[in-house]
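Residues per chain are reported as follows:
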Amino acid sequence: MGKRGELTIRAFKENNKVILIVEDTGPGIPLALRTRIFEPFFTTKEVGKGTGLGLYVVHLLIKKTGGKIEIKERKGGGASFVICKSLDLI
């Protein structure tokens, strides 16, 4: 997202699900990379600047608790992650 930008976090209940949306106004994630961003050790950063484990760990934790995470296009650029969890599984 760089030094400038906004991070927005919204949480709400819809039917029997809890939904958390995390959005930023950064450069976004190219379509070609969206299929790989949850892979362990995948990073677009230069060597020594990142491990590529952040989104992998987030994805793993959400999946292990019965939830799901998706990346969606954000109008105006940036990234939008939608995390959904059924209240039946809590």
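Residues numbered from 1 in each chain as written. Predicted model: local features only at pLDDT ≥ 70, side-chain atom pairs only at ≥ 80, totals over all residues. Heavy atoms only, no water.

Peer 1: I'd like a description of the packing of aromatic side chains, backed by residues and values.
Peer 2: Counted according to the given criterion, the structure contains one aromatic pair. Judged by centre distance (6.4 Å) and plane angle (75°), the ring pair of Phe38 and Phe81 falls under edge-to-face. Placement of Phe38 in the loop between helix H1 (31-34) and helix H2 (54-64) and of Phe81 in strand E4 (residues 79-86) is noted, with a sequence separation of 43 residues between them. On the basis of relative accessibility, which here comes to 12%, the residue Phe81 falls in the buried class. (Phe/Tyr/Trp six-rings, centres within 6.5 Å; stacked < 30°, edge-to-face > 60°. Helix = DSSP H or I, 4+ residues; strand = E, 2+ residues; numbered from the N terminus. Buried < 20%, exposed > 50% of the residue type's maximum accessible area, 1.4 Å probe, protein only.)

Peer 1: Talk me through the sheet that holds strand E1 (residues 7-14); I want residue IDs and the actual numbers.
Peer 2: Pairing within the open sheet is antiparallel, and its four strands lie in the order E1-E2-E4-E3. The strands lining the two open edges of the sheet, one partner per strand, are E1 and strand E3 (68-73). For this sheet, the mean angle separating the axes of adjacent strands, direction not counted, is 20°. Pairing of strand E2 (residues 17-24) with E4, which is carried by seven bridges, proceeds in the antiparallel orientation. Residue pairing in the sheet places Ile21 in a bridge with Val82 of E4. Strand contacts of H2: E3 and E4, with the helix running at about 130° to E3, the strand carrying the most contacts. (Pairing = 2+ DSSP bridges. Axes fitted to C-alpha atoms, helices over the stretch in contact; angles between N-to-C directions. Contact = heavy atoms within 4.5 Å.)

Peer 1: If you had to explain the pairing of E3 to someone new, which residues and values would you point to?
Peer 2: A regular strand carries its side chains on alternate faces of the sheet. Here E3 runs beside E4; their pairing, made up of six bridges, is antiparallel. Bridge pairing in E4 places Ile71 opposite Phe81. Hairpin geometry of E3 and E4 is characterised by an intervening segment of five residues between the two adjacent antiparallel strands and by a positive phi of about 90° at Gly76.

Peer 1: How would you sum up the nonpolar core? Please name residues and give values.
Peer 2: Ile29, Ile37, Phe38, Phe42, Ile62, Ile69, Ile71, Ala79, Phe81 and Ile83 together form the largest nonpolar core, which totals 10 residues. Of all elements in the fold, only E3 and E4 reach the threshold of two or more residues within this core. When sequence neighbours within four positions are dropped, the list of residues in contact with Ile83 reads Val18, Ile19, Leu20, Ile62, Lys68 and Ile69. (Core = buried A, V, L, I, M, F, W, Y, C linked by side-chain atoms within 4.5 Å.)

Peer 1: Pulling in residues and values, what's your account of the side chain of Glu23?
Peer 2: Here Glu23 is to be found in strand E2. Within the local environment of Glu23, its side chain forms a polar contact with the side chain of Ser80, the two groups lying 3.2 Å apart. Here Glu23 is in contact with Glu6, Leu7, Thr8, Arg10, Arg74, Ala79 and Ser80, once residues within four sequence places are set aside. (Polar contact = N/O pair within 3.5 Å; in protein donor to acceptor, adjacent residues only side chain to side chain.)

Geometric descriptors of this kind do not, in isolation, establish any biological role.
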